[in-house]
Amino acid sequence: MAEDTEVIYVRRAEIADAKGIEAITTDETRSLFGRFNIIGTIEKAVFSVTVSNDLGEIVGHASFYDYPNVKSVDPTAWESWAREKPSISHCKPINTLFCHVLVARAGYTEGITREILHAVFNAVPTAHYVVFTPPKDILPNASLALNELFPLVTETPESVSYEIRLANRHSYCPVLHIRPARVEDHDDLTPIFNKQNDVLSSTYGDYFLAELIEAQDDYHKAIVAEVEGTAIAFMSLSAEVNVDLLASCFELGPFHGLRKVNEADTWEERTATESSKSSLTSLLSETEQESRPASVATGAKQDCVSRPASALSSGQSRSLIVESQLSLADTTRTRLSVISQNSLATASGVSVATTGANVKSSVRERSVEPQKPKKTIQIPIYKGTENAFCVQLFCIDERYEMRSVDLLPAAFDLFPDKDFCIITQPHTTPEYPLLQNFTRVTPKPTSTLHQELYIAHRCSLLDDVIVRQCTPSDREGIESTIKGIDNSEGILNDVDQYNKAGRDPQDEGSTPLSVFVAECQTQIIGVFVVRQERNIEYIRSHYNVEGFVYYAHHRREEHARLHHFVLNPVFGHYTKHVLKELLRLSRKSCMYYPIYPSSSESAEIKTYSLATCINDLIPVRGRRQIVYPLDRLGENAPSERILKKMDPFALYHLNRKLTLEPKITINARIVVVGASDVGLSFLESLCFSPHLRFNNLILVSPNGLPKEQTMLPTSHCFSSSELAQASLATWVNVVRGKIVAIDRERKMAIVSSGAELPYDLLILCTGVQYQTSVTPKPKSIFALNDEKDCRDATTFIKKACLDTEDHAIVYGNSLSAYSTVEGLLSLGLKGEQIEFVKPPLEASACFGNATVAELVEKELRERGVSVRENFLFTSWNETDDVAHFTQGTDGKLELHCKAFFAFDRRGIDYDVFRAINDCCLVFDGRLVVDADFRTNDASIRGAGSLTKFARRYHADEWSFGHFNSREVGKRLASSVLRDYDPVSEPSVQNDAASQRPPLIPSFSQPKITGARLPGDYFYLHIRPPAVSETKPPGENVLVTENSDSGYFQIKIDKFNRVHEITCLTKQDLDASNLICLYNLNEKYLNRMVDRYEEGLIKDFYSFFREPWVLAVFHDRFRDFQSELREIAATRTDPDTPSLEEHVRNLLKVDKELAPLDEDALTRNYGSSSVKAMIDKRIFSFLSYNRYHLSMYARQQMI
C-alpha cells in the first residue's frame, strides 16, 4: 500500500504553471467551470494554489475568487444574492471564497482537492467557507469525489442553471475547543514547550508549568486549546500591566493610552523638549509627522512590562512568549500615528483617528543639531483605570498554529472589564500566526524597551467588518473618523464631490472617483478614496510593475489610484481584507499609490494623505529610461504619455493576486552607519524585497539622506530621480549625527550627541572622506564630501569673494579638485581669483587619459586660473589667512586667500576610527571583514572603502574602492538577507573541516565617474571593476575627437567587448545611455570596429544617438541577451549538439575560429531552427517593449 502512496506539495500558483495546468485540464473540467484562460484566472484570483509531486509535475490546481462563478450575479453585490438563500446567508466577503477553477490529474481528484481545501483554510484563517457553483446535475455524474467534498447545501429553482455547494472549515481545520487550564495538562504541554524552547524549564525547573497553572487567581489566568482530549496550546494571561511604562515607550494615543475613558482626561501643552526626557531627545527633529512604518526602538529589560507574578518567581515576572515556526500565514499590521486630537472623543476608549500625514512631508529625520525655536505640542493625559491585560506565556503545537486566534475570545472572556490584550516580544523573534490578529504599535523615539508591542482590541475579533460605497448620510461619521489627521479637508472634499457627481470636476480632468467606507456594527471605522488611473502608460514604462502584473490581462478601466486610506487601528489586521474589497467593489484589478518627495512642488500632492495600508502594498522599483534623440526620431518617437515630464515619485502597488499574499515581518534593529552609495544600495535592497517587511531600519548620517551634489564628481549610482523613486525615508529612520563609540557587549551605538542606538545588526559603510591637517579647522578651510559641505562652501564664497578681489585656493590633484574649480567659476569667481595648487602628481593620473588632462589644463589657462605644480601644503596662518607651501627642498610659497579647499588626502573619519578601535574590532589600515562582510563581531558588518579583506585571503589589493558601490551594497544586502529571510539560502560560513575560507566575492558592474570640469566640460569615465590599472592584452583603442562634439575614447578587449569608455564634451552627455555600452560585444553595436576602421564613424557621440542603437539602451536588454544565450545553449535535438556546444567543440582545437570553420558555422546557423527561435525572440522583445521602442519595425511590417 505504501508503494502506491505519492507525496504531493501544495504551493502558491505561478504564471509559469499554466502549461502544466492546461495539460491536466479535461472536458469534464470545462463542463464544471466553463471555458477559462488559466493565465488570466491566476492573474485575477485572490488565492491560487498548485499541487505538484516529487518529480515537479503539476497534478492539481485551484483558483479562488471573492465573488461567485455565476454570470447572473454581480461581483460587487453578491451579498444580497447570498442573503436570499438561507443555507448560505452566513457567507460574507470576510469569511467566504468561491472556487472558480479546480483541476486534478485523473484518479487523484479526491486527495488533491482535500489537500487544496486544507491549504486554503490554513493559509486564510478568516475563511470559513468555500462555495462551489457548478451547473446543475453535472457534478454527481462527473465527479463523485467533488460531490462529497462540496456537499449540496440548497436546492435551487428550476429556472436557475447552477447549484450551490459548500465546503466548511470545520471539516478540515476545525475551530479549537478552549477551556481553563488544569494541572494535569502539564504532561501534554511540556513536550510542546521543550520542542520550541527549553529556556523556561532550564530556568524555572521541570514543573514550572504546573506551578503556573496552579497559581491562578483573579489577576492571573491560564487557558488551553484541546483536540481529542489532548492539550495542544497554552496561554497564560495577567491583568497586571505597567501601562505607564508602555505609554512612555510607544505611541498609544490611538488606543487611549490603554486606559478607560474618564471625564478627567485632558490635554497638556508642552514644548517638544519638555515632552522627551531620555537621551534620545536630542535626536528628534522638529517635524513630528510619521511618514513610514518603522521607528527607532531603543531597549530595556523585558521584565519591565508586567508587574510581579508570584507564580513564576519571587522576583519580577517576564512577559515571555514561546513562538512557533513562521508559517505562510500573513502577518499584517498597520503603522500607528502620533497622537490624534480626537482620541478622547469616543466612548469605547479607542481613538477613531488613525495615521495620516501629508505625503509631501515624507521625510522625518532626527537631528543632533541644536533645536530651533521650541515648538508647543499637546500631550494627552489619561486619568482612567487600566484597560489592558497581557499574554505572559504562549505556545501551540505547530500543526495547529494557524488556529491560534481561537484562544483570543476565551482570553477576553476571562477579563470582561478589559478591552485590550497586549503581547510584547524581542525584536529578533519572528512574528507568529497569533500576531496577525494584533496591531504592531509604533515605538516612540525615546523608547527604552528591547521589545515590540502588539495590541488587540476586543472589537477586533468581530467579523462583521463591511466595506461599502459611501452615501451622503455617511459624511458626519466620516468627519468624526478623520478628525485630527493631515489633509482631512481634502478627504471631505473628495467625499462631497463623489456624492455630488461621482467624478472630478471637468476642469480637473473629470476622472471617475469612488469613495468607500468601512463599518462595523453600523459604526464607520474607515474611509477610502480611489480614482481611475490615468497614467497607465507612464507607470508601466517608468516603474517595474510588470514584475508583479501581466498587463495583457487587465483592461484599462481596471487600474485605479489610491488617494486616501484611513482605517481605525483597532481593525488594522483587516487591512488586506479592506484592500481586497476595494478592488472588488470598484471593479478594479490593480491599484497604485504614489509618495512624492518633500522637495516636490507637484499640485497632486494635495490630493493624497498618507495611507495606513502602505505596509501591505508592494514597493515598485523605478526603471532606467532611455535618453531619446527626439530630433532624429520625429514621428517614430514614443508616445507623449511615455515622454512627458512628471515629478518623480515612489510607487506602491497591489493587485488581486497579491491581496492574500503574505509578508514576512522582520523587527530586527538594523543600524546603517553612513549614507554612502553602499549604504543607500543596501537599504534600497532591503526595502524593495517584496515579501519582506523591515520595521526597524535606521540610518546614521551627519547630514541625513544625500542629495545630488553640484560641485563634486558623481558615481552615477543614484540620481535625484532614483532617490525620489526609492523613497527611503518612508521606511528608514534617519538619525543625524556621527557614531563615536560602539558598545559591543550591550549592542549599542553611541552617537555624537551622547545618545545610544540599540542594534541587532550594525552596518559600517562610512567610506573615506577628504580631510585637512589643520586642527581645529577654521571656518575658511573646506573639505567637501557631501551636498551640505558644498552648500556651506557656496554660501561662504558668495559672501567672502564674489564682491571682492579675494582669492580662493583649491589644493589637490584629484577629480574633486578640478570639479571644485569649475564650481567656483560657475558661481561667478574670476579665473584670476582662483589659485589651483597641485601636489606632486601627474595630471593624467587623475583622469587616466593624457588627452583629457591636456584639454582641461588648456581650459584652465584660458580662464585665467593660476595653476601651481608640485607644491606641498605645510601650514595655515588663520590670523592673516595665509597658506604656506613648499616645493622640493628650497622652494616656498605663501598665498593669501579667503577660502581654502583641501583635496590632497582622503581617510577614515577620526570619530569612526576611534569607535572601531576602542571596541576592539580588527583594524588593519581599514576595517577588516571576511568574504561575507563580517567583522570579528558577528553582529557588525562592513563594506565599501572603509573596509578591506582579511590577510588570510591574500588579496590586499582587492579593495572595495575599485568596485561599483551600488553592486557592493546589493551584495551586502544579499549576505544579510540569508540570515533574516527564511526563503534565502543560509549564509556562507567557513569550512570547518578544511579550514579554508570561502572565496571573496567577485563583481561585474563597471566603476563609473562623472564630473563637470573647467571649460563647461562634461566628463564621464567608465572602467571595469579591476584592481590593476595595467593595460590588458589585445586591447583595441578607438578615438574620435573634434571641436564641436568633443573627445570620445572606447577601448575594446580581446573578446571584442567594450572594456572602457572616456568622454569629454561640452554637449549634454547621455551618460545613462553610454553606461549601457559597457561589456557589450561590438557586434551588437552594428559592427562598430569594422565601421571605425573603414572610416565610417567620425563622431561616436553622433553614432550612439542614431535610432538603431536605442534597443541596446533599454533597461531589459541584458535580460534579452541572457534569453538569447539560453536559446543558443538549448538542444533542439537530443542527438545534435547545441549551437553553444558546437562552438565550444571548435574552440577546443584552436583558441580562435578558423575562417573556414566560421563560414561553415554561419551557413549552418542560417538554416537551423535556432535562428528561427532567435528571430522570434527578437521580434517578441521589440513587440513587448514597443512603448519604449516604437522606432523599430514590427514583424508584420517586414
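Cut-offs and rules
- Residues numbered from 1 in each chain as written.
- Predicted model: local features only at pLDDT ≥ 70, side-chain atom pairs only at ≥ 80, totals over all residues.
- Heavy atoms only, no water.
- Helix = DSSP H or I, 4+ residues; strand = E, 2+ residues; numbered from the N terminus.
- Buried < 20%, exposed > 50% of the residue type's maximum accessible area, 1.4 Å probe, protein only.
- Contact = heavy atoms within 4.5 Å.
- Areas by Shrake-Rupley, 256 points an atom, 1.4 Å probe, with all protein chains shown as cover.
- Core = buried A, V, L, I, M, F, W, Y, C linked by side-chain atoms within 4.5 Å.
- Disulfide = S-S within 2.5 Å.
- Pairing = 2+ DSSP bridges.
- Expected span 1.5 Å × (residues − 1).
- Axes fitted to C-alpha atoms, helices over the stretch in contact; angles between N-to-C directions.
- Phe/Tyr/Trp six-rings, centres within 6.5 Å; stacked < 30°, edge-to-face > 60°.
- Salt bridge = Lys/Arg side-chain N within 4 Å of Asp/Glu carboxyl O.
- Parallel < 35°, antiparallel > 145°, perpendicular 65-115°, else oblique.
- Left-handed = near helix turned anticlockwise from the far one by under 90°.
- Nonpolar A, V, L, I, M, F, W, Y, C, P; charged D, E, K, R; others polar.
- Polar contact = N/O pair within 3.5 Å; in protein donor to acceptor, adjacent residues only side chain to side chain.
- pLDDT = per-residue confidence, 0-100.

**Some thoughts on the overall build of the chain**
Scanning the chain from terminus to terminus reveals 33 helices and 51 strands. Counting across all 1198 residues of the chain, residues that qualify as buried make up 55%. For the chain, contacts bridging at least 24 residues in sequence account for 75% of all contacts bridging at least 6. Only carbon and sulfur atoms are counted for the fraction: they give 49% of the accessible area of the chain, which is about 51000 Å².

**Considerations on the nonpolar core**
Formed by 94 residues in total, the largest nonpolar core has its most connected members in V545, F565, L582, Y593, I670, F682 and I763. What I763 contacts, discounting residues up to four positions off in sequence, is I670, V671, V672, V673, F682, R941, L972 and V976.

**A look at the state of the cysteines**
In total, this model carries zero disulfides according to the counting rule given. No disulfide involves C920; its nearest neighbouring cysteine sulfur is the one of C919, lying 6.8 Å away.

**So, the pairing of strand β39 (residues 872-877)**
Bridge count between β39 and strand β40 (residues 882-887): five bridges; the pairing is antiparallel. If you follow L872 over to β40, its bridge partner there is T886. In textbook terms, the turn of a hairpin is the stretch between consecutive antiparallel strands, and for β39 and β40 this stretch comprises four residues, one of which, D881, has a positive phi near 55°.

**Focus on helix α22 (residues 815-827)**
For α22, spanning 13 residues, the distance from its first C-alpha to its last is 18 Å, which sits close to the expected 18 Å at 1.5 Å a residue. Summarising burial for α22: eleven of the 13 residues are buried, a large majority. Positive backbone phi, approximately 115°, marks G828, located one or two places after α22.

**Some thoughts on the sheet that holds strand β41 (residues 891-896)**
Reading across the sheet, the three strands line up as β39-β40-β41 and stay open at both edges, with antiparallel pairing between neighbours. Single-partner strands in this sheet number two, and they are β39 and β41. If you compare each strand with its neighbour and ignore which way they point, the axes differ by 20° on average.

**Some remarks on the packing of aromatic side chains**
Following the criterion strictly, the structure yields 51 aromatic pairs and no others. For the pair F33 and F132, a centre-to-centre distance of 5.2 Å together with 25° between the ring planes defines the contact as stacked. Placement of the pair is F33 in helix α2 (residues 27-33) and F132 in strand β5 (residues 129-132), with a sequence separation of 99 residues. This pair shows no difference in class: F33 is buried, exactly as F132 is. A ring pair is formed by F1048 and F1104, whose centres lie 5.8 Å apart and whose planes are at 35°; its orientation type is tilted. Remark: F1104 occurs in the loop between α29 (1100-1103) and α30 (1117-1128) and F1048 occurs in strand β50 (residues 1046-1052); sequence separation between them is 56 residues. There is no split in this pair, since F1048 and F1104 are both buried. Each member of the aromatic cluster is reached from another via a ring pair, and the members are F933, F949, Y953, W958, F960, F963 and F1003.

**Comments concerning the sheet that holds strand β30 (residues 739-743)**
Pairing within the open sheet is antiparallel, and its three strands lie in the order β30-β31-β32. Two strands in the sheet have a free side with no partner beyond their single neighbour: β30 and β32 (756-758). When strand polarity is set aside, the average angle formed by the axes of neighbouring strands in this sheet is 25°. Pairing geometry for β30 and strand β31 (residues 748-751), over four bridges, is antiparallel. In the sheet register, I739 faces β31, and the bridge partner there is V751.

**A short note on the pattern of salt bridges**
Going through the model one piece at a time under the given rule, you end up with 79 salt bridges. For the salt bridge of R587 with D74, the shortest nitrogen-to-oxygen distance reads 3.0 Å. You can see R587 sitting in the loop between α16 (575-585) and β22 (590-595) and its partner D74 sitting in the loop between β3 (58-65) and α4 (78-83), a full 513 residues away along the chain. One salt bridge connects D616 with R693, and the closest N-O pair in it is separated by 3.3 Å. Of this pair, D616 sits in the loop between β22 and β23 (618-620) while R693 sits in strand β27 (residues 692-694), placing them 77 residues apart in sequence. Residue D616 is classed as buried on the basis of its relative accessible area, which comes to 1%. The exposure class assigned to R693 is buried, which follows from its relative accessible area of 2%.

**Concerning the packing of helix α19 (residues 677-687) against helix α26 (residues 965-980)**
Working note: a packed helix pair is described by the angle between its axes plus the distance between those axes. The contact between α19 and α26 brings their axes to 7 Å, and the two run at 45°. Taken together, the axes of α19 and α26 lie oblique to each other. For the crossing formed where α19 meets α26, the hand is right-handed. Of the residues in α26, those touching α19 at D677, V678, S681, F682, E684, S685 and L686 are S965, R966, V968, G969, K970, L972, A973, V976 and L977. Classifying every residue of the contact of α19 with α26 gives eight nonpolar, four polar and four charged.

**What about helix α24 (residues 850-862)?**
The terminal C-alpha atoms of α24 lie 18 Å apart, and with 13 residues this matches the ideal 18 Å at 1.5 Å per residue to within 8%. Among all positions of α24, only V852, A853, L855, V856, E857, E859 and L860 are buried. For α24, the side-chain oxygen to backbone nitrogen distance between the N-cap and T851 is 2.9 Å, and the N-cap itself is N849. G864 sits one or two positions beyond α24 and adopts a positive phi of about 85°.

**Re unusual backbone geometry**
Of the consecutive residues T775 and P776, the connecting peptide bond is found in the cis state with omega at -10°. Inspection of the secondary structure assignment puts P776 in the loop between β34 (769-770) and β35 (781-782). In this structure, T522 is a non-glycine residue whose phi angle is positive, near 70°. In this fold, T522 is placed in the loop between β19 (513-520) and β20 (523-532).

**Focus: the side chain of R259**
Within the secondary structure, R259 is located in the loop between α11 (243-249) and β11 (266-271). If we skip the residues at most four places from it in the chain, R259 touches V243, D244, Y382, G384, T385, E386 and N387.

**Some words on the confidence of the model for the chain**
In this model, the chain carries a mean pLDDT of 85, and residues with pLDDT of at least 70 account for 87%. Per-residue pLDDT stays below 50 along residues 273-372; that stretch engages in 375 contacts with residues further than four places along the chain or on separate chains. In this model, residues 990-994 is a region of pLDDT below 50 whose contacts with residues beyond four sequence positions or in other chains number five contacts.

**Section: the environment of S685**
Relative to the elements of secondary structure, S685 occurs in helix α19. Considered as a pair, S685 and G969 are 284 residues apart in the sequence and their alpha carbons are 8.0 Å apart. Discounting chain neighbours no more than four positions away, the residues touching S685 are R621, K970 and A973. At a separation of 3.0 Å, a polar atom in the side chain of S685 contacts the main-chain carbonyl oxygen of S681.

**Re the pairing of β3**
The buried fraction of β3 amounts to eight of the eight residues, a majority that puts the element mostly inside the structure. Bridge count between β3 and strand β4 (residues 96-104): six bridges; the pairing is antiparallel. Across the sheet, the residue bridging to F64 is C99, located in β4.

**Concerning the environment of Y67**
When you line up the elements, Y67 lands in the loop between β3 and α4. Taking the C-alpha atoms as reference, Y67 lies 8.1 Å from P93; in sequence the two are 26 residues apart. Apart from residues no more than four positions distant in its own chain, Y67 is found in contact with P75, W78, F98, H100 and R656.

**With respect to the side chain of T481**
Structurally, T481 is set in helix α13 (residues 475-482). Engagement of the side chain of T481 in a polar contact is seen with the backbone oxygen of I524, the distance being 3.5 Å.

**Section: the packing of α30 against helix α33 (residues 1169-1184)**
Contact geometry for α30 and α33: axes closest at 10 Å, N-to-C directions at 165°. Here α30 is positioned roughly antiparallel relative to α33, judged by the angle of their axes. When the axes of α30 and α33 are compared, the crossing they make is right-handed. Facing F1117, F1120, E1123, L1124 and I1127 of α30, the residues of α33 in contact are V1170, M1173, I1174, R1177, I1178 and F1181. When the residues that make up the contact of α30 with α33 are grouped by side-chain class, the tally is nine nonpolar, no polar and two charged.

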